[in-house]
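Next come the chains, spelled out residue by residue.
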Amino acid sequence: MEFVLIAIAILVVGLILGVSLLVGRGRRTTRLDDDALGGTTLTRPRPPAPPVEQPRPTGSTASGLGLPQTDQPDAVVPETPPSVELPPAEPEPGLVFETPLPSAGRLVRLRSRLARSQSSLGRGLLTVLAREQLTEDDWEEIEETLLAADVGVASTTRIVERLRTQSLVLATASGADLRELLVRELTAVLGPDLDRTLGTGRSEGRPGVVLVVGVNGAGKTTTVGKLARVLVGDGRSVILGAADTFRAAAADQLETWGERVGVLTVRGREGGDPAAVAFEAVRTGVEAEVDTVVVDTAGRLHTKSGLMDELGKVKRVVEKQAPVTEVLLVLDATTGQNGVVQARVFTEAVHVTGVVLTKLDGTAKGGIVVRVQQELGIPVKLIGLGEGPDDLAPFEPRAFAEGLVGEA
Ligand SMILES: Nc1nc2c(ncn2[C@@H]2O[C@H](COP(=O)(O)OP(=O)(O)OP(=O)(O)O)[C@@H](O)[C@H]2O)c(=O)[nH]1
């Protein structure tokens, strides 16, 4: 009888251990829960099973990290480096990760999404240019069309001047010639020589760190999720940091993006210290030897000095682990001049290295790319052309100009 009871007890303990091990392996999120009283102690749940020597992850599937408890007021570098045991890279049984397409050629595929700009800008200009004798009124119409598409005064003047000097040739030009001429002029004002390389690669044995900043609602969190897919599609391993702790839903959103492509998300509690989450995300990325850590930051700050303090702190704290290699500012293309004014606040707070213009599918003002680059002096590196998961494309001036003008 005693023997039977012991056997049942062993069976029950074995079952509990087995189930908790499976749950632990399925986790793709690391939570940092501030201590309820102090508000500064970061803890993360230990894995239920004793640590076992595991191979390092390959690709983008670092998950379920079992880190020891850390004590980090203001996310200061811990004295003894934490040990990280990484579970195998494969998804739990039954879970299949999506494999996004690589980023190359995305803009060409998506350029028809610029339809609203095409109809007002491309079609408008081609129609006027095709007239036999261009009068002063016609030139004014061309100018107005460019200004209405948010191309900006300086670039509009340049384009009109160049088109005027070629107007004699245009008198006998075919539709295809006119289109090519327009595409060339638009490409020229889009800054074809600007360096749009994304600083996402590893350097000096540490991951590339991308901070994503911008006002809430601009499409920041969505962009971080889409960027993770771009990187995974290009064969990179990625970890996400949900440092927008103002809204728990933002972290949930990010987690879901990450889960779909097998990318780990490090998150904190709602209202927690964003710098601490960013620090943990980068530390985890360093430990896991991933290629890139992408950190979503909060934009909902009431004062400029508050924003500067917070972004400055996030950057400083992250750089205890690895240099920030790219700071992307997300701007909503549909907000026009307001967006540019908001952007200035961010550029004063942190050294922005690239702009992501979202929602270009929802505006007739595709020329905003020109204005943003000229007014901020920062290249547009990525553009959002829809709400779909793979609707984020590296910006290419020629393909974009072709999209604005439309098919011949
Ligand atoms: N049409 C279109 N919608 C987009 C694009 N990018 C983002 N959105 C939408 O914009 C809305 C806001 O996006 P979020 O990513 O939540 O914005 P956020 O800046 O992170 O704001 P919070 O989530 O409040 O922090 C969502 O409905 C997105 O689907 C885009 O390129 N095109």
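Computed from a predicted structure; not experimentally measured.

**Q** Mind showing me how you'd approach the domain arrangement of the protein chain here?
**A** Taken domain by domain, the protein chain comprises domain 1 (112-189) and domain 2 (208-352). Averaged C-alpha coordinates put domain 1 and domain 2 at centres separated by 39 Å.

**Q** Even after reading the chapter, I still don't get the pairing of strand β4 (residues 238-242), so can you show me in this structure?
**A** Consecutive side chains along a regular strand alternate between the two faces of the sheet. Most of β4 sits out of view: five of its five residues are buried. Burial of the side chains of β4 extends over both faces: Val238, Leu240 and Ala242 are buried on one face and Ile239 and Gly241 on the other. As judged from the five bridges shared by β4 and strand β6 (residues 292-296), these two strands associate in the parallel manner. Paired with Val238 across the two strands is Thr292, which belongs to β6. As paired elements, β4 and strand β5 (residues 264-268) share four bridges and run parallel to each other. Residue pairing across strands places Gly241 opposite Val266, the latter belonging to β5. Of the crossover connections in this fold, the one passing from β4 over helix α9 (residues 248-260) to the parallel β5 is right-handed.

**Q** I tried to follow the site of the ligand on my own but got confused; where do I start?
**A** In the vicinity of the ligand, 19 residues are found, and the nearest of them are Gly219, Lys220, Thr221, Thr222 and Gly384. Split by residue class, the shell around the ligand holds three nonpolar, nine polar and seven charged.

Definitions and limits used
Residues numbered from 1 in each chain as written. Predicted model: local features only at pLDDT ≥ 70, side-chain atom pairs only at ≥ 80, totals over all residues. Domains from an automatic or database assignment. Buried ≥ 20, exposed ≤ 12 C-beta atoms within 10 Å, placed from the backbone. Helix = DSSP H or I, 4+ residues; strand = E, 2+ residues; numbered from the N terminus. Pairing = 2+ DSSP bridges. Right-handed = clockwise from strand over helix to strand, strands pointing away. Near = placed C-beta within 6 Å. Nonpolar A, V, L, I, M, F, W, Y, C, P; charged D, E, K, R; others polar.

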